[in-house]
Amino acid sequence: MKIKTRIILLFTTISIFYIVSFAIYVSYFTRDSLQTKFYHRLEENATIVGNHIVQNDEYNNQIYYEVRRKYLAQLSEGKDYLLRIVKDSTNLRFRPDLPLPASFYTEAIINGKAQYLHGKTSYVAVFFVDTQHKEDLLVISEGVDDYGHDEQRTLDRTVVSGALIAVALVFLLSFYFANKLLVPIQAINNDLTQIDISHLDMRLQNKFNSENDEIGTLIGNFNSMMNRLDISVKSQQSFIGNASHSLRTPLTIIGGEAELALQGLDKQHEAYYSVETISKQVNKMELIVNNLLLLSRSGFDRKIENKQLVRIDELLYEVQRNEKAVSPESRIRLDFSNIPEESHRLNVFVNPDLFYIAFSNILSNACKYGEDNTVTVSLECHLKNVMVKITDDGIGIPQHDQPHIFDSFFRASNVGQIYGNGLGLVLAKNIFDLHGAKLMIFSIENQGTNVTVEIPV
């Protein structure tokens, strides 16, 4: 998950949590406040009714009660229940048909009042000590707070709509600030894509932030690292340029002198074998030096010069002919049965010398490790690429060695006495990578190896 998405989700989630929590808090305590106020109005009503019953004539009280109920809008839907209680007792003369538990009456008598909510209907009971009658009085006021419920619904709708608007605003703000925060990082990433081994002189520019903040410190540290890396790479390039002359010249002299010595010695001479060994080892050393220099230069430059359109089938034929000249015992079969009739589809835009070296290394490996079996080179043309497959039925590559086949100087554990320097595949892969080609290797130990190269067209 991208950092931008993570920031948006985290900020939005936290904000939604707080908004929802606040909305629930407001709704709950508003509901509780409205209910408390309605209980208070019912209690006042019950008190008024009870006082008039206790202190005045019952008939007049009944008229007063009906008038009060008629014009007190908020309590017009309810009723009042008058219950007589035996003095110094909690016994009721009769219990009205109300959904009230027995504890409600007991609490009202003992504590002087009680409250109870059943659905939307509220009940408040007030107990009066009646000195003018033989029994005391319990007044129960019933009512439905339609006004409070309407007010609560209005508040809930307002809170929900406000919460939705707030969430939308929070999401937009989080998106804006995430973009704002990550713009410097995006700019750094864009600059980094332009830095490679051939452009180590490029430096990151701090376009958005203060040099004293974290981004500025990061850019400063990165540029300092690039300065050190640039000096190190230039030193290596200088060394490679000097090594190109310093190593090749003595090897060429040693090789030439060894060849001359071999021509002047009889094969039966005791020194002939030693001189021949020197000549062979010099050739191997020259191969190693050339591969190392070519590998290093391609790695440093990351540029391909002298690119041109090349017929891939002709290039493969040249590679096969050269391998046969070096190793006459090699058996190589070119399978061009799937190539199209349109010859232009076989053209690839590459550096022919580099591609020759890459395919030569792969074919040489196939012949060396193919146990004298036939190596097949096939060619196919597709819409977006040309595919070359080089297949052998040799010793293969052990499974545990395959992750390391592109490491410099690495050789598989089953090669035995077969000569190699562990640079051929590395150099080939580097060349193909520079051209945007894809190198894939599939191998099973003791069954063979299939190397596939996909070259874009």
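Here we summarise the structure given alongside this text. (Residues numbered from 1 in each chain as written. Predicted model: local features only at pLDDT ≥ 70, side-chain atom pairs only at ≥ 80, totals over all residues. Heavy atoms only, no water.)

## Quick notes on the environment of Asp313
The cut-off we apply is this: A run of H or I in DSSP counts as a helix once it spans at least four residues, and a run of E counts as a strand once it spans at least two, with each numbered from the N terminus. Burial classes: relative accessible area under 20% of the type maximum marks a residue as buried, over 50% as exposed, and values in between as partly exposed (1.4 Å probe, protein chains only). The criterion used for residue contact is that any of the two residues' heavy atoms lie within 4.5 Å.
Here Asp313 is to be found in helix H7 (residues 312–326). According to the relative accessible area criterion, Asp313 is buried, its value standing at 9%. Each C-alpha atom of the pair Asp313 and Ser378 lies 9.4 Å from the other, and the pair is 65 residues apart in sequence. Once residues lying within four places of it in the same chain are set aside, the contact partners of Asp313 are Phe336, Leu346 and Leu379.

## Thoughts on the sheet that holds strand E2 (residues 113–118)
We count it as follows: Two strands form a pair only when DSSP identifies at least two bridges running between them. Inter-axis angles, ranging from 0 to 180 degrees, are taken between N-to-C directions of lines fitted to C-alpha atoms, where helices are fitted over the stretch in contact.
Strand order in the open sheet formed by four strands is E1-E4-E3-E2, and the pairing between neighbours is antiparallel. Strands with a single pairing partner mark the edges of an open sheet, and in this sheet they are strand E1 (80–86) and E2. Here the strands of the sheet are splayed against their neighbours by 20 degrees on average, with no regard to which way each runs. Strand direction decides the pairing type here: strand E3 (residues 121–128) and strand E4 (residues 135–144), joined by eight bridges, are antiparallel. The partner of Val126 across the bridge, within E4, is Val139. In the packing of helix H3 (residues 102–111) onto the sheet, the strands contacted are E1, E2, E3 and E4, and the crossing angle to E2 comes to about 155 degrees.

## Some remarks on the pattern of salt bridges
The test is simple: Just to be clear on terms, a salt bridge is a Lys or Arg side-chain nitrogen sitting within 4 Å of an Asp or Glu carboxyl oxygen.
Counted under the stated rule, the structure contains nine salt bridges. Between Arg84 and Asp130 there is a salt bridge; the shortest N-O distance is 2.8 Å. Taken as a pair, Arg84 in strand E1 and Asp130 in the loop between E3 and E4 lie far apart in primary sequence, 46 residues in all. On the basis of relative accessible area, Arg84 is assigned to the buried category, the value being 16%. With a closest N to O distance of 2.7 Å, Arg311 and Asp313 form a salt bridge.

## Regarding the nonpolar core
Which entries qualify depends on this criterion: Residue types Ala, Val, Leu, Ile, Met, Phe, Trp, Tyr and Cys, when buried and joined through side-chain atoms within 4.5 Å, form a set referred to as a nonpolar core.
In terms of nonpolar packing, the biggest core is built from 40 residues, with Ile312, Phe359 and Phe432 touching the most fellow members. Of all the elements in the fold, those that place two or more residues in this core are H7, strand E7 (347–350), helix H8 (352–368), strand E8 (375–381), strand E9 (385–392), helix H9 (424–434) and strand E11 (448–456). Looking at this core element by element, the count peaks at eight residues for H8.

## Quick notes on the pairing of strand E10 (residues 438–444)
Across seven bridges, E10 lies against E11 in antiparallel orientation. By the bridge assignment, Ile444 is partnered in E11 with Gly448. Here E10 folds back onto E11, and the loop between the two strands holds three residues, one of which, Asn446, carries a positive phi near 70 degrees.

## Things to note about H3
Put simply, the rule is: Of all possible arcs, the one meant is that of the directions from the helix axis to the C-beta atoms.
By the burial criterion, the buried members of H3 are Phe104, Tyr105, Ala108 and Ile109. Here the buried residues of H3 occupy an arc of 125 degrees about the axis, which is enough to place them on one side. Opposite the packed face of H3, turned more than 90 degrees from it, sit the exposed residues Ile110 and Asn111. Of the surrounding secondary structure, the elements contacted by the buried residues of H3 are E1, E2, E3 and E4.

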